[in-house]
Amino acid sequence: MRQRRFPVLLETAKGRVRAGFSAPADEEPVQIALRLRERGRTVYRVRFDEEAHAWIASVIDWKRAA
């Protein structure tokens, strides 16, 4: 039986956008972080949001001025 997959969303200062892939709910957050790193993204937190039915990866936005 196939596992249900949930979208991975990137959370930035401008809001949430799709990362372009999905993962099962029981995936290890580090695996998602590694896939995002392969795509050139630096994340500092990955969590599964039960209400949104999605993985949320908070992205470090180095280009944003403090």
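Scroll up to find the structure.
Described below are features of the structure shown in this document. In this text the structure is predicted, and so the values were computed from the model without any measurement.

Side note on a positive patch on the surface
A cluster of basic side chains, namely Arg 2, Arg 5, Arg 35 and Arg 39, defines a positive patch on the protein surface. Note on placement: Arg 5 falls in strand β1 (residues 5-12).

Focus: the packing of aromatic side chains
With the rule as written, the count across this model stands at 2 aromatic pairs. Here Phe 6 and Phe 48 contribute two aromatic rings whose centre-to-centre distance is 5.1 Å and whose plane-to-plane angle is 75°, an arrangement assigned as edge-to-face. Note that Phe 6 is positioned in strand β1 and Phe 48 in strand β3 (residues 43-49), a separation of 42 residues in sequence. Relative to Trp 55, the ring of Phe 48 lies with its centre 5.4 Å away and its plane at 70°, an arrangement referred to as edge-to-face. One aromatic cluster is present, built from ring pairs that chain together Phe 6, Phe 48 and Trp 55.

Some words on the side chain of Asp 49
Within the secondary structure layout, Asp 49 lies in strand β3. Here Asp 49 occupies a buried position and makes no salt bridge, while the nearest side chain of opposite charge, Arg 16, is found at 4.1 Å. Side-chain polar atoms of Asp 49 contact the backbone nitrogen of Glu 51, separated by 3.0 Å. For Asp 49, the contacting residues outside a window of four places in its chain are Arg 16, Ala 54 and Ile 56.

Considerations on the environment of Ala 19
Note that Ala 19 resides in strand β2 (residues 15-24). Of the residues examined, Ala 19 reaches a relative accessible area of 15% and is grouped as buried. On a C-alpha basis, the gap between Ala 19 and Leu 36 in space is 7.8 Å, while along the polypeptide they are 17 residues apart. Beyond its immediate chain neighbours, meaning those up to four positions away, Ala 19 contacts Val 8, Leu 9, Leu 10, Leu 36 and Arg 39.

A short note on the pattern of salt bridges
Under the defined criterion, the tally for this structure stands at 2 salt bridges. Across the pair Arg 16 and Glu 11 runs a salt bridge, and its minimum N-O distance is 3.3 Å. The exposure class of Glu 11 is partly exposed, given its relative accessible area of 23%. Between Glu 11 and Arg 47 there is a salt bridge; the shortest N-O distance is 3.7 Å. Residue Glu 11 is located in strand β1, and its partner Arg 47 is located in strand β3; the two are separated by 36 residues in the primary sequence.

Quick notes on the rules
- Residues numbered from 1 in each chain as written.
- Predicted model: local features only at pLDDT ≥ 70, side-chain atom pairs only at ≥ 80, totals over all residues.
- Heavy atoms only, no water.
- Patch = residues over 30% accessible without salt bridge, like charges linked within 9 Å, V, L, I, M, F, W, Y side chains within 5 Å.
- Areas by Shrake-Rupley, 256 points an atom, 1.4 Å probe, with all protein chains shown as cover.
- Salt bridge = Lys/Arg side-chain N within 4 Å of Asp/Glu carboxyl O.
- Lys, Arg positive; Asp, Glu negative; His and termini not counted.
- Charge placed at Lys NZ, Arg CZ, Asp CG, Glu CD.
- Helix = DSSP H or I, 4+ residues; strand = E, 2+ residues; numbered from the N terminus.
- Phe/Tyr/Trp six-rings, centres within 6.5 Å; stacked < 30°, edge-to-face > 60°.
- Buried < 20%, exposed > 50% of the residue type's maximum accessible area, 1.4 Å probe, protein only.
- Polar contact = N/O pair within 3.5 Å; in protein donor to acceptor, adjacent residues only side chain to side chain.
- Contact = heavy atoms within 4.5 Å.

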